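Each chain, letter by letter, is given below.
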Amino acid sequence: MDSPRDPGRGGFTMVEVIISIIILALGVLGMAGTTMLVVRQTTLARVMTERSVALQSVVERVQAMSFDNVATGSDSLGVFRMTWSSTSETSQSKLVRIITVGPGVKTAGAGFPVLTTGVADTFDYRVIRR
């Protein structure tokens, strides 16, 4: 007569359950690490975008000036401080050097970008007499 329970068809063994829990834990830890990386990269991208907006505002201001009025100036936008200076290259062109100082990205050990304060970026912009 057959027994009501076949010994070869039981449930999961304790070893199988422990191995599956370990695999699940490793997957969850990997996802947590990836989430931290995504948040970090998003924050770095936001700061670089804000810096670009600050720089663009200065470039637009210089573009709006007449050629003879392009000179030295400074301004701040949010947490960024911008200064610019103008040097004549020829009678028909000026070089405007724009320096933006504020939070930014620097490369740390092992080549990873990190967010730090007081980062200066320089951008040269040429103005042509019209």
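Now for a quick tour of the structure. All values reported here derive from a predicted model rather than from experimental measurement. Each residue is numbered by its place in its chain's sequence as written, counting from 1. In keeping with the model being predicted, local features are shown solely for residues with a pLDDT of at least 70 and side-chain atom pairs are shown and tallied solely at 80 or more, while totals for entire chains, interfaces and linings include all residues. Processing note: side-chain calculations cover all non-hydrogen atoms of the structure and skip hydrogens and water entirely.

## Comments concerning the nonpolar core
Here is the rule we go by: The term nonpolar core refers to a set of buried residues drawn from Ala, Val, Leu, Ile, Met, Phe, Trp, Tyr and Cys, joined through side-chain atoms within 4.5 Å. Throughout, exposure labels follow a simple rule: accessible area from a 1.4 Å probe, protein chains only, divided by the maximum for the residue type, with under 20% read as buried, over 50% as exposed, and the rest as partly exposed. Comment: elements are numbered from the N terminus, with helices defined as DSSP H or I runs of at least four residues and strands as E runs of at least two. The criterion used for residue contact is that any of the two residues' heavy atoms lie within 4.5 Å.
In this structure, Val 58, Val 62, Trp 84, Val 96, Ile 98, Tyr 125 and Val 127 are the most contacted members of the largest nonpolar core, which totals 15 residues. Contributions of two or more residues to this core are made by α1 (14-64), β2 (80-90), β3 (93-107) and β4 (113-128). Residues in contact with Val 127, not counting those within four places in the same chain, are Val 62, Phe 67, Val 70, Gln 92, Ser 93, Lys 94 and Val 96.

## Re the side chain of Thr 100
Relative to the assigned elements, Thr 100 resides in strand β3. For Thr 100, a relative accessible area of 3% translates into the label buried. Ignoring anything within four residues of it in the chain, the contact list for Thr 100 reads Arg 51, Leu 55, Phe 80, Arg 81, Met 82, Val 119, Ala 120 and Asp 121.

## Points about the pairing of β2
Residues in a regular strand project their side chains so that they alternate between the two faces of the sheet. Selection criterion: A strand pair is defined by DSSP finding two or more bridges across the two strands.
One ladder, built from 5 bridges, connects strand β1 (residues 73-77) with β2; its direction is antiparallel. Within β2, the residue paired with Ser 76 across the bridge is Arg 81. Between β1 and the antiparallel strand that follows it, β2, lie 2 residues; Gly 78 among them carries a positive phi value of about 65°. Taken together, the 9 bridges between β2 and β3 define a ladder with antiparallel strand orientation. Residue pairing in the sheet places Arg 81 in a bridge with Val 101 of β3. Taken together, β2 and the strand that follows it, β3, pair antiparallel across an intervening segment of 2 residues.

## Points about the environment of Arg 61
Position of Arg 61 among the secondary structure elements: in helix α1. Dropping the residues within four chain positions of it, Arg 61 is found in contact with Ser 74, Asp 75 and Trp 84.

## Some points on the sheet that holds β1
What counts is decided by this rule: In this description, a line fitted to the C-alpha atoms serves as the axis of each element, helices being fitted only across the stretch in contact, and the angle between N-to-C directions of two axes falls anywhere from 0 to 180 degrees.
The 4 strands are arranged β1-β2-β3-β4 in an open sheet whose pairing can be described as antiparallel. Among the strands making up the open sheet, the edge pair consists of β1 and β4. Here the strands of the sheet are splayed against their neighbours by 25° on average, with no regard to which way each runs. α1 rests against β1, β2, β3 and β4 of the sheet, and its axis sits at about 25° to β4.

## Considering α1
This is how the line gets drawn: Expected helix span is given by 1.5 Å per residue-to-residue step, counting one fewer step than there are residues.
Under the 1.5 Å per step criterion, the end-to-end length of α1 is 75 Å for 51 residues, consistent within 8% with the ideal 75 Å. Those residues of α1 that fall on the buried side of the exposure criterion are Leu 44, Val 47, Arg 51, Ala 54, Leu 55, Val 58, Val 59 and Val 62. In this structure, the buried residues of α1 make contact with β1, β2, β3 and β4.

## What to know about the pattern of salt bridges
Selection criterion: When a carboxyl oxygen of Asp or Glu lies within 4 Å of a side-chain nitrogen of Lys or Arg, that pair is called a salt bridge.
Overall, the coordinates contain 6 salt bridges when judged by the stated rule. Here Asp 75 and Arg 61 are joined by a salt bridge, their closest N and O atoms 2.7 Å apart. Highlighted residues: Asp 75 in strand β1 and Arg 61 in helix α1, separated in sequence by 14 residues. A residue is classified by how much of its surface remains accessible, and Arg 61, at 37% relative accessible area, is partly exposed. In this structure, Asp 124 and Arg 97 form a salt bridge, with 2.7 Å as the shortest nitrogen-oxygen distance. Taken together, the positions of Asp 124 in strand β4 and Arg 97 in strand β3 put the pair 27 residues apart, joining distant regions of the chain. You can call Asp 124 partly exposed: its relative accessible area is 35%.

It is worth stressing that arrangement in space is one thing and function is another; only the former is reported here.
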